[in-house]
Amino acid sequence: MRLVLVGPPGAGKGTQAELLKTKLGVPHISTGDLFRAHISQQTDLGKEVQEYLDSGELVPDEVTNEMVRDRLSQPDAANGFLLDGFPRNVAQAAVLAEILAADDAALDAVVEFRVPEDVVVERLLARGRADDKEEVIRHRQQVYRSETAPLLDHYSGIVVSIDAVGDVEEISERALRALRSQRDER
Ligand SMILES: Nc1ncnc2c1ncn2[C@@H]1O[C@H](COP(=O)(O)OP(=O)(O)OP(=O)(O)O)[C@@H](O)[C@H]1O
Ligand SMILES: Nc1ncnc2c1ncn2[C@@H]1O[C@H](COP(=O)(O)O)[C@@H](O)[C@H]1O
């Protein structure tokens with residue numbers, strides 16, 4: 001399955017991807033995790049993107065798209081993936097479509113994790129990652145609303161929306177049930 005996970009920062013995309021990757025047998029590819037690995041290894045790419053992650057701004061598309069193109073060309077992603085954090089805007093979605101079309105492939109679904117903003121802010125304040133400072137959290141929510149949420153219209157025919165408040169296992173079951181019914185309807 002080729003899935004994109006969408007939802008505001010703190011919606012639980014990474015948490016759900018770690019459960020779903022085992023259940024679906026596809027790799028979890030998180031652009032945020034890829035950037036953080038570059039930063040911790042102090043690569044040139046890591047040095048270039050550090051300030052964007054610190055401030056909650058999006059890394060420029062050219063840099064992000066090339067990193068994703070490279071990651072998706074690896075053998076483990078040949079038959080499917082869970083993309084977490086990419087695409088983050090409509091221009092990145094166009095690049096993803098082009099990468100997939102080159103392999104005669106397409107997305108199966110876009111899973112939207114729906115969580116009220118006050119709940120995600122509370123989760124992120126408790127998470128404690130380097131970019132989980134209140135001002136940066138608020139900015140990332142705003143970037144999500146203006147840049148990323150429009151993807152839900154862009155992908156309207158294949159969006160599967162999940163209530164992502166509650167028990168982590170139960171949310172993953174909700175996602176699997178919704179994906180099964182979407183597949184049966186197609
Ligand atoms: N269903 C849940 N209930 C309560 N807390 C949760 C739930 N799912 C995830 N969390 C917690 O919320 C925080 C954010 O989760 P996670 O990192 O998976 O979100 P995300 O959508 O990947 O965020 P980001 O886009 O910022 O990387 C984590 O501390 C995680 O343990
Ligand atoms: N797809 C992306 N485009 C631009 N910038 C991105 C993208 N994915 C991640 N980033 C940067 O990384 C941080 C953290 O991302 P998480 O998905 O929340 O882990 C994000 O604020 C951007 O600076």
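Refer to the structure above for everything that follows.
The present account deals with the structure reproduced in this document. Quick caveat, the model's predicted, so the values are computed rather than measured.

1. What to know about the site of ligand 2
Consideration 1: Among the 16 residues in the neighbourhood of ligand 2, the closest are listed as Thr 31, Glu 57, Gly 85, Arg 88 and Arg 140.
Consideration 2: At 2.9 Å from an oxygen atom of ligand 2 is found a side-chain nitrogen or oxygen belonging to Arg 36.
Consideration 3: The backbone of Val 59 places a nitrogen or oxygen atom 3.0 Å from a nitrogen atom of ligand 2.
Consideration 4: Isolated, ligand 2 exposes 480 Å² of accessible area, and the fraction of that covered by the protein chains is 96%.
Consideration 5: Counting only elements with at least two residues in the shell around ligand 2, the list comes to helix 2 (31–40) and helix 3 (44–55).
Consideration 6: If one sorts the elements of the shell around ligand 2 by residue count, helix 2 sits on top with 4 residues.
Consideration 7: Looking at the shell around ligand 2 residue by residue, the classes come out as 6 nonpolar, 5 polar and 5 charged.

2. Some thoughts on the pairing of strand 3 (residues 81–84)
Here is the key point about a regular strand: its side chains alternate between the two faces of the sheet.
Consideration 1: Along strand 3, one buried face is formed by Phe 81 and Leu 83 and the opposite face, lined by Leu 82 and Asp 84, is buried too.
Consideration 2: Two elements, strand 2 (residues 28–30) and strand 3, share 3 bridges in a ladder whose sense is parallel. Its bridge partner being in strand 3, Ile 29 is matched across the sheet by Leu 83.

3. With respect to the environment of Leu 53
Consideration 1: Take Leu 53: it is sitting in helix 3.
Consideration 2: Separated by 25 residues in sequence, Leu 53 and His 28 have C-alpha atoms that sit 20 Å apart.
Consideration 3: Setting aside its immediate chain neighbours within four residues, Leu 53 contacts Phe 35, Arg 36, Ile 39, Val 59 and Asp 131.

What counts, and at which threshold
- Residues numbered from 1 in each chain as written.
- Chains lettered and ligands numbered in written order.
- Predicted model: local features only at pLDDT ≥ 70, side-chain atom pairs only at ≥ 80, totals over all residues.
- Heavy atoms only, no water.
- Near = heavy atom within 4 Å.
- Polar contact = N/O pair within 3.5 Å; in protein donor to acceptor, adjacent residues only side chain to side chain.
- Areas by Shrake-Rupley, 256 points an atom, 1.4 Å probe, with all protein chains shown as cover.
- Helix = DSSP H or I, 4+ residues; strand = E, 2+ residues; numbered from the N terminus.
- Nonpolar A, V, L, I, M, F, W, Y, C, P; charged D, E, K, R; others polar.
- Buried < 20%, exposed > 50% of the residue type's maximum accessible area, 1.4 Å probe, protein only.
- Pairing = 2+ DSSP bridges.
- Contact = heavy atoms within 4.5 Å.

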